Amino acid sequence: MFLPTLREAPAEAEVPSHKLMLRAGMIRKLASGIYSYLPLGLRVIRKVERIIREEMDRAGAQEVLLPAIQPRELWDKSGRWNVYGKELLRFKDRHDHHYCIAPTHEEVITDVVRREVRSYRQLPLILYQIQTKFRDEIRPRFGIMRGREFGMKDAYSFDADDEGAEKSYQRMYEAYCRIFKRCGLKFKVVEAETGPIGGSFSHEFMVLADTGEDAIVSCSECHYAANAEKAEVTSPDPASSLSTPLKPLEKVYTPEIKAVSEVSEFLGVFPQELVKTLIFQTDDGVVAALVRGDHEINHVKLRNFLGSHVLELADEQTIVGVTGAPVGFAGAIGLHNIRIIADNAIRGMRNFVMGANEKDFHYINVNLDRDFKVDSFGDVRMITSQDRCPKCGGLIQFFRGIEVGHVFKLGTKYSEALNATYLDKEGKERLLVMGCYGIGVGRTVAAAIEQNHDSDGIIFPITIAPFQVIILPLDMSDRMIAETAESLYKSLISKEIEVLLDDRQEWAGIKFKDGDLIGIPIRVTIGRKTLDKGSLEVTLRSKRATHLVKPHEAPSFIEELIKKEIYDQTE
Ligand SMILES: [Zn+2]
């Protein structure tokens, strides 16, 4: 068995799954965000893939395999060649033709289907593949959790109309719930942003883990759950503050005082009495966005609100050019010739503090309309724990999550761009209505480890464990121990149980340590002491519960234990 375990994880590994996958000899790094899978790691990947295939097939989806290398022409047609940004790895072949390594496959699948599907009789159609993708992440990290090259299951549905598309969506949604449950994951389904894939709505499948990169919110009273970047903020009625009398505008000296915390401390006001002015570069030039001092701007919401592909904080030079002041003193008063967007929360504010567009000065007692005009208000900030559920007004709770699956209702975005049509009952030409559905295979494995480990190592859910059983003969030079181990190994194999026999001439301590590290759910320990009493030890990695079992009864005992573990995990 090629299973190179490590005592220590390399320093660059930050999260438990990355450390443990390296230590357990599952993966090795080749280059930034690019990994090799060793036998133990690949076995787990294959387990997850098998569950995915079974559930996709059960849901009526059919497996295909599409090329990873794709010509530019197709991406030009969908308009994504230029829009996709630097994550799309582009290159030229020997004939100077442009290609990319696919980060996703909407273009190719739509092209395949539009050539073959002519009639409503061929619909609905759901196709999927499990394949390697490449996204040139700026900062790959957390091992295979956010790699550049990664395995993904992607499925695409084609329907005659919206109603059909929603049925396909629902079918995939349910299949995803079964897949993640069978993988032994605790997850939440949340409303999500559609991002560069596009489409009208989407859900993310989030595995709850403190190390998750995504913030998610859920309501303590109803079923509402959303990615924090998507979560709607309902603003309180501004009318309540309208009765506050307006004080005269005043410019105050704030030497070297820039950050919200500094300004509020210096002026003796709360951060929520400040308004931050952020200058952004967009498709249509420079825009100012205003948010309350204690709020965070939400880039996704702002970008959607502006309908802009580009949204980046302006550089220092631009800010100086627009505001006439160094960074840290921007404000909306006297900010002419640029569009001013304000978060809804600003509407209800009276007599607030704002930068004066002048070095070392702020305004106090600033008021909307009297002192400056806003071009448009919108929900452009991140939700906070003080906000209420947008559906029922209940309290909001925050969680961290790892996105393992994402389902999108695409509508006709790609069928329109690539002219994918069919003939309906009346012989009329119509656009195919699409959905797309992704699962990060490696990321699902990493997420399972994030959720299932302890200080000794991985605790694999039995359904995705590389082996179900590990046999630890404590002394291979002891003939009786060795023979008992070999015989148990053979009986388990004949029962089609996946078993690993640690027949190395190593110290018992090392075998125990490695066994715990690689996370095999059931351990059989064969030692002189228990064997003399006519038994061996069967231990569950997850519960540390040990059973003494007679050697000849062990195979059927283990078989039952596996059945019970699988049942407990999936019911
Ligand atoms: Zn609610």
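Being a predicted model, the structure only gives us computed values, none of them experimental.

Draft legend 1. Fine view of the sheet that holds strand E13 (residues 250-253). Pairing within the open sheet is antiparallel, and its three strands lie in the order E13-E19-E18. Both edges of this open sheet fall to E13 and strand E18 (352-355), since each of them pairs with a single strand only. Recorded for the sheet is a direction-independent mean angle of 30° between the axes of neighbouring strands. Bridge analysis of E18 against strand E19 (residues 361-366) gives three bridges, and the strand direction is antiparallel.

Draft legend 2. Summary view of the side chain of glutamate 55. Within the secondary structure layout, glutamate 55 lies in helix H2 (residues 39-58). Non-local contacts of glutamate 55, meaning those with residues more than four positions away in its chain, are made with Ala175, Arg178, Ile179 and Arg182.

Draft legend 3. Spatial organisation of helix H15 (residues 554-570). Taking 1.5 Å as the rise per residue, H15 with 17 residues should run 24 Å; its terminal C-alpha atoms sit 24 Å apart, in good agreement. Those residues of H15 lying buried are Ala554, Pro555, Ile558, Leu561, Ile562, Glu565 and Gln569. Taken around the axis of H15, the buried residues stretch over an arc of 120°, which confines them to a single face. Those residues of H15 that are buried lie in contact with helix H6 (162-182), strand E27 (469-473), helix H12 (479-494), strand E29 (522-526), strand E30 (536-540) and strand E31 (546-549).

Draft legend 4. Just the packing of helix H1 (residues 16-23) against helix H11 (residues 441-451), in detail. The geometry of H1 relative to H11 is characterised by a closest axis approach of 8 Å and an angle of 105° between their N-to-C directions. One way to sum up the angle between H1 and H11 is to call them roughly perpendicular. On the side of H1, the interface is formed by Pro16, Ser17, His18, Leu20 and Met21, while H11 contributes Val445, Ala446, Ile449 and Glu450. Here the residues of the contact of H1 with H11 are counted per class, giving six nonpolar, two polar and one charged.

Draft legend 5. A look at the coordination of the zinc ion. For the zinc ion, the protein coordination sphere consists of Cys219 (SG), Cys222 (SG), Cys389 (SG) and Cys392 (SG), at 2.2 to 2.3 Å. Considering all four donor atoms around the zinc ion, the spread of angles at the metal, 101 to 115°, places the coordination shape in the tetrahedral class. Read N to C, the donor residues that coordinate the zinc ion are spaced as C-x2-C-x166-C-x2-C. One end of the pair, cysteine 219, is in strand E11 (residues 214-219); the other, cysteine 389, is in the loop between strand E20 (376-378) and strand E21 (396-411), and 170 residues separate them in sequence.

Draft legend 6. The packing of aromatic side chains, seen in detail. Tallied over the full model, the rule gives 12 aromatic pairs. Grouping aromatic residues by their ring pairs yields a cluster made of Tyr173, Tyr176, Phe180, Phe187 and Phe205. Its guanidinium or amino end placed over the ring of phenylalanine 467, arginine 43 lies 3.9 Å from that ring's centre, counting from NZ or CZ. One Lys or Arg, arginine 90, reaches over the ring of tryptophan 81 and ends 5.3 Å from the middle of that ring.

Draft legend 7. How the structure looks around the packing of H2 against H11. With their axes 9 Å apart at the nearest point, H2 and H11 run at an angle of 110° to one another. With respect to their mutual orientation, H2 and H11 come out roughly perpendicular. Considering the relative orientation of H2 and H11, their crossing is right-handed. Contacts between H2 and H11 involve Val44, Ile45, Val48, Glu49 and Ile52 on the former and, on the latter, Val441, Gly442, Thr444 and Val445. Residue composition of the contact of H2 with H11, by class: six nonpolar, two polar and one charged.

Draft legend 8. Structural context of the nonpolar core. Ranked by size, the top nonpolar core spans 58 residues in total, and within it Met26, Met56, Tyr176 and Ile179 carry the most contacts. In terms of residues, this core owes the most to one element, H2, which gives seven residues. Inspection of this core shows a minimum of three residues originating in each of domain 1 (16-232 + 397-450) and domain 3 (467-570). When residues no more than four places from it in sequence are discounted, the contact partners of tyrosine 176 are Met56, Lys153, Phe205, Gly405, His406, Val407, Tyr437, Gly438 and Ile439.

Draft legend 9. Looking closely at the environment of valine 113. Tracing the backbone through its elements, the reader meets valine 113 in helix H5 (residues 106-116). The exposure class of valine 113 is buried, given its relative accessible area of 2%. A sequence separation of 337 residues divides valine 113 from glutamate 450, and the C-alpha atoms of the two residues are 38 Å apart. Residues in contact with valine 113, not counting those within four places in the same chain, are Leu125, Leu127, Phe158 and Leu432.

Draft legend 10. View of the domain arrangement of the protein chain. With domains assigned, the protein chain is organised as domain 1 (16-232 + 397-450), domain 2 (238-378) and domain 3 (467-570). In this structure, domain 1 and domain 2 have C-alpha centres spaced 38 Å apart. Contacts between the two partners involve seven residues from domain 1, matched on the other side by five residues from domain 2. Taken together, the two surfaces of domain 1 and domain 2 that pack against each other cover about 390 Å², and 50% of this comes from carbon and sulfur. Summed over the three residues of domain 1 that lose the most area to domain 2, namely Val83, Glu193 and Glu229, the buried surface amounts to 76% of that side. Taken together, the connections running from domain 1 to domain 2 amount to zero salt bridges. Counting across the interface, domain 1 meets domain 2 through two residue pairs in polar contact (both at pLDDT 80 or more). Its residues assigned to classes, the side of domain 1 that touches domain 2 comprises three nonpolar, no polar and four charged.

Calculation notes
Residues numbered from 1 in each chain as written. Predicted model: local features only at pLDDT ≥ 70, side-chain atom pairs only at ≥ 80, totals over all residues. Heavy atoms only, no water. Pairing = 2+ DSSP bridges. Helix = DSSP H or I, 4+ residues; strand = E, 2+ residues; numbered from the N terminus. Axes fitted to C-alpha atoms, helices over the stretch in contact; angles between N-to-C directions. Contact = heavy atoms within 4.5 Å. Expected span 1.5 Å × (residues − 1). Buried < 20%, exposed > 50% of the residue type's maximum accessible area, 1.4 Å probe, protein only. Arc of directions from axis to C-beta. Parallel < 35°, antiparallel > 145°, perpendicular 65-115°, else oblique. Nonpolar A, V, L, I, M, F, W, Y, C, P; charged D, E, K, R; others polar. Donors = N, O, S within 2.8 Å, 3.2 Å for Na, K, Ca; no water. Tetrahedral: all angles 85-135°; square planar, octahedral: opposite > 155°, others 65-115°. Phe/Tyr/Trp six-rings, centres within 6.5 Å; stacked < 30°, edge-to-face > 60°. Lys NZ or Arg CZ within 6 Å of the ring centre and 35° of its normal. Left-handed = near helix turned anticlockwise from the far one by under 90°. Core = buried A, V, L, I, M, F, W, Y, C linked by side-chain atoms within 4.5 Å. Domains from an automatic or database assignment. Buried area = accessible area lost by both parts, 1.4 Å probe. Salt bridge = Lys/Arg side-chain N within 4 Å of Asp/Glu carboxyl O. Polar contact = N/O pair within 3.5 Å; in protein donor to acceptor, adjacent residues only side chain to side chain.

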